[in-house]
Amino acid sequence: MCDEKQEQHINLKFFVKLKKTPTECYKLLQEAYGDNSLSRARVFEWCKRFSESRESTEDDQRPGHPVTVSTPETMTKINQIVRADRRKSIRMIFEAVNTDKETVKKILHEELHMKKVCTKLVPKNLTSDQKLLRQQV
């Protein structure tokens, strides 16, 4: 099953084969899909592609960083690294885990609730043991 965007690409391919102009194609898509239709620029771009004998209605692959997701395994590895040596920098952590810097930052701050204090990563909130030790001191 194809999504709505690819469905519009297929329709555009059909319109181009019927020798419709890009403006006519845009108006027809607006009428059929309303607010969910492709933008005018995208319609013109796809009409040009199909008029140059493109057959595929799939989007081209885009260059850039691959999307990384914070998995439980990654979170566990980062947690172990930080607990072993709190002085490790974010660069050292992301090189050890083999992921990107933003993912490591997100895991440290949002998942593990840690922040950098005087070159050490420490929990934002004290544990019950730490609170008890603080009261005793």
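Conventions used here
- Residues numbered from 1 in each chain as written.
- Predicted model: local features only at pLDDT ≥ 70, side-chain atom pairs only at ≥ 80, totals over all residues.
- Heavy atoms only, no water.
- Helix = DSSP H or I, 4+ residues; strand = E, 2+ residues; numbered from the N terminus.
- Rg over C-alpha atoms; globule rule 2.2 N^0.38 Å.
- Areas by Shrake-Rupley, 256 points an atom, 1.4 Å probe, with all protein chains shown as cover.
- Lys, Arg positive; Asp, Glu negative; His and termini not counted.
- Charge placed at Lys NZ, Arg CZ, Asp CG, Glu CD.
- Contact = heavy atoms within 4.5 Å.
- UniProt positions renumbered as here; feature names shortened; annotations may be inferred.
- Core = buried A, V, L, I, M, F, W, Y, C linked by side-chain atoms within 4.5 Å.
- Buried < 20%, exposed > 50% of the residue type's maximum accessible area, 1.4 Å probe, protein only.
- Phe/Tyr/Trp six-rings, centres within 6.5 Å; stacked < 30°, edge-to-face > 60°.
- Salt bridge = Lys/Arg side-chain N within 4 Å of Asp/Glu carboxyl O.

Per an unreviewed UniProt entry, the chain is named Protein GVQW3-like, and its organism is Sipha flava.

**Some words on the overall build of the chain**
On a plain count of helices and strands, the chain comes out with 7 helices and 2 strands. Counting from the amino terminus, helix and strand elements in the chain follow one another as α-α-α-α-α-α-β-β-α. For 137 residues, the compact-globule estimate of 2.2 N^0.38 gives 14 Å, and the C-alpha radius of gyration of the chain, at 26 Å, exceeds that figure by more than 25%. With respect to the three principal axes, the spread of C-alpha positions in the chain is 85 × 30 × 30 Å. Here the chain displays about 10400 Å² of accessible surface, and carbon together with sulfur accounts for 51% of that area. Seen as two clouds, the 27 positive and the 20 negative side-chain charges of the chain have centres 9 Å apart.

**A word on the environment of F44**
Residue position: F44 is located in helix α3 (residues 40–51). The spacing of F44 and T21 is 23 residues in sequence and 9.0 Å in space, taken between C-alpha atoms. With near-sequence residues (within four places) excluded, F44 lies in contact with P22 and T23.

**Thoughts on the UniProt feature "domain: Mos1 transposase HTH" (unreviewed entry) in the chain**
Under the UniProt annotation, the feature "domain: Mos1 transposase HTH" (unreviewed entry) is placed at residues 14–51. Its end C-alpha atoms 11 Å apart, residues 14–51 is made of 74% helix and 0% strand.

**Some remarks on the nonpolar core**
Nonpolar side chains in soluble globular proteins tend to end up buried together. The biggest cluster of nonpolar side chains holds 12 residues, and these are I78, I81, V82, I90, I93, F94, V97, V104, I107, L108, L112 and M114. The greatest single-element share of this core, amounting to 4 residues, is contributed by helix α5 (residues 90–97). By size, the runner-up hydrophobic cluster in this structure holds 11 residues, among which are V16, C25, V43 and W46.

**Structural notes on the packing of aromatic side chains**
Inspection of the entire model under this criterion finds 2 aromatic pairs. Measuring from ring centre to ring centre gives 6.3 Å for F14 and F15, while their planes differ by 55°; the resulting arrangement is tilted. The class of F15 is buried, set by a relative accessible area of 14%. Ring plane angle 40° and centroid distance 5.5 Å describe the contact between W46 and F50, whose orientation is recorded as tilted. A residue pair is termed a helical-turn pair when its members lie 3 or 4 positions apart in one helix, as W46 and F50 do in helix α3 at 4 residues. No difference in accessibility class separates W46 from F50, as the two residues are buried.

**Notes on the pattern of salt bridges**
Taken as a whole and judged by the stated rule, the model has 3 salt bridges. Close ionic contact of K13 with E55 constitutes a salt bridge, the shortest N to O distance being 3.1 Å. With K13 in helix α1 (residues 4–17) and E55 in the loop between α3 and α4 (72–84), this pair connects stretches of sequence that are 42 residues apart. Judged by relative accessible area, K13 falls into the buried class, the value being 18%. For E55, a relative accessible area of 51% corresponds to the exposed category. The partner of E45 in a salt bridge is R42, with the nearest N and O atoms 2.9 Å apart.

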